[in-house]
Amino acid sequence: QKEVEQNSGPLSVPEGAIASLNCTYSDRGSQSFFWYRQYSGKSPELIMFIYSNGDKEDGRFTAQLNKASQYVSLLIRDSQPSDSATYLCAVNGAGTALIFGKGTTLSVSS
Amino acid sequence: DVKVTQSSRYLVKRTGEKVFLECVQDMDHENMFWYRQDPGLGLRLIYFSYDVKMKEKGDIPEGYSVSREKKERFSLILESASTNQTSMYLCASSFSGARSYNSPLHFGNGTRLTVT
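Computed from a prediction, not measured in an experiment: that's the story for all the values here. (Residues numbered from 1 in each chain as written. Chains lettered and ligands numbered in written order. Predicted model: local features only at pLDDT ≥ 70, side-chain atom pairs only at ≥ 80, totals over all residues. Heavy atoms only, no water.)

**Q** Looking at this structure, I do not really get the interface of chain A and chain B. What am I missing?
**A** By a widely used convention, the size of an interface equals the accessible area lost when the partners come together. Listed by partner, the interface residues are 20 residues for chain A and 23 residues for chain B. Roughly 1700 Å² of surface becomes buried between chain A and chain B when both sides are summed, with 56% attributable to carbon and sulfur atoms. Counting across the interface, chain A meets chain B through zero salt bridges. Where chain A packs against chain B, one counts five residue pairs in polar contact (both at pLDDT 80 or more). Within the residue set of the side of chain A that touches chain B, elements represented by two or more residues are strand 4 (33-38), strand 5 (45-50), strand 9 (85-92) and strand 10 (98-100) of chain A. With three residues, strand 4 of chain A is the single largest residue contributor to the side of chain A that touches chain B. (Contact = heavy atoms within 4.5 Å. Buried area = accessible area lost by both parts, 1.4 Å probe. Salt bridge = Lys/Arg side-chain N within 4 Å of Asp/Glu carboxyl O. Polar contact = N/O pair within 3.5 Å; in protein donor to acceptor, adjacent residues only side chain to side chain. Helix = DSSP H or I, 4+ residues; strand = E, 2+ residues; numbered from the N terminus.)

Right, dumping it as structure tokens:
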């Protein structure tokens, strides 16, 4: 069974700090990795995806991928209270379906 | 922008009823998916479809069926609703192409189904 693991949290950071969210996956054949943000009562929305080893930056967000360690992370710089949400890591699984982790809840305090 | 529309935001049904959840996307995506989301269990894949009239079982297909008669529409059917099917149901779609493994899912707003 292919698995995606995330620490459920909550991860609490003060406003302006860097939030670091981590994810590990079991299938070495995985090719693409996605981060979604989900506000309470809402559906997940895509933040970014990465498929090459290294870092990918988009505004305040940086995704980091290490395929050898089967590890992907999301850094949020200058965290804002509006970043408080659950962050879902997803990995491409069988065919075109994504396998999701259970999510990490982030709380940013002002 | 991709728009994935689920027909109902909230639904209350009785045990044993047949329930239809409808999903329509407007981006000509080949792939469509049904997930359910429960506290502590995360998102779990029920069924997906990569083409009209094609379907594949996900991780938890028991008690569900699907229909995809048109490319833009993917229906989830609960043949005889049970209380353990009370959940948030999320439909999603994605592009299928040469590098489809990079294709993200676009989600609808979800249907919160309560079975009493």
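Additional details are given in the paragraphs that follow.
**Q** What is the right way to read the sheet that holds strand 1 (residues 4-6) of chain A from this model?
**A** Within a beta sheet, neighbouring strands are joined by backbone hydrogen bonds and run either parallel or antiparallel to one another. All names here are of chain A. Overall, antiparallel pairing links the five strands, which are arranged 1-3-8-7-6 in an open sheet. Strands at the two margins of the open sheet, each flanked by one partner only, are strand 1 and strand 6 (54-58). Each neighbouring strand pair of the sheet contributes to a mean axis angle of 20°, computed without reference to strand direction. Relative to strand 8 (residues 71-76), strand 7 (residues 61-66) is paired through six bridges, and the arrangement is antiparallel. Looking across to strand 8, one finds that F61 is bridged to I76. (Pairing = 2+ DSSP bridges. Axes fitted to C-alpha atoms, helices over the stretch in contact; angles between N-to-C directions.)

**Q** So what exactly am I meant to see when it comes to the nonpolar core here?
**A** Side chains that are nonpolar tend, in soluble globular proteins, to be buried together. Ranked by size, the top nonpolar core spans 23 residues in total, and within it W35, V72, L74, I76 and Y87 of chain A carry the most contacts. Looking at this core, the elements that each hand over two or more residues are strand 3 (19-25), strand 4, strand 5, strand 7, strand 8, strand 9 and strand 11 (104-109) of chain A. Residues contacting I76 of chain A, with those up to four places away along its chain left out, are A17, I18, A19, L21, R60, F61, D83, Y87 and L106 of chain A. One finds L21, M32, I46 and Y47 of chain B within the second-largest nonpolar core, a separate group that totals 20 residues. (Core = buried A, V, L, I, M, F, W, Y, C linked by side-chain atoms within 4.5 Å. Buried < 20%, exposed > 50% of the residue type's maximum accessible area, 1.4 Å probe, protein only.)

**Q** Would you explain the packing of aromatic side chains in this entry?
**A** To describe a pair of aromatic rings, one takes the distance between the centres and the angle between the planes. Scanning the model with the defined rule gives 11 aromatic pairs over all chains in all. Relative to F33 of chain A, the ring of Y25 of chain A lies with its centre 4.7 Å away and its plane at 45°, an arrangement referred to as tilted. What makes F33 of chain A buried here is its relative accessible area of 1%. Ring centres of F33 of chain B and F48 of chain B lie 5.8 Å apart, and the angle between their planes is 25°; this geometry places the pair in the stacked category. Of this pair, F33 of chain B sits in strand 4 (residues 31-38) while F48 of chain B sits in strand 5 (residues 42-49), placing them 15 residues apart in sequence. On the basis of relative accessibility, which here comes to 0%, the residue F33 of chain B falls in the buried class. Put simply, the rings of Y36 and F100 of chain A together with F33, Y35, F48 and F107 of chain B pair up and form one aromatic cluster. Directly above the ring of F61 of chain A sits R60 of chain A, whose terminal nitrogen or CZ lies 5.5 Å from the centroid. (Phe/Tyr/Trp six-rings, centres within 6.5 Å; stacked < 30°, edge-to-face > 60°. Lys NZ or Arg CZ within 6 Å of the ring centre and 35° of its normal.)

**Q** What should I look at first to understand the sheet that holds strand 1 (residues 4-6) of chain B in this one?
**A** Residues and elements named next belong to chain B. Pairing is antiparallel in the open sheet, where four strands are placed in the order 1-3-8-7. Two strands lie at the open edges of the sheet, namely strand 1 and strand 7 (64-70), each paired on one side alone. Strand-to-strand, the axes of this sheet are offset by a mean angle of 20°, without reference to chain direction. Sheet topology note: the strand 1/strand 3 (residues 19-25) ladder contains three bridges and is antiparallel. Counted as the bridge partner of T5 is V24 from strand 3.

Limitation: the analysis is restricted to geometry and does not speak to function.
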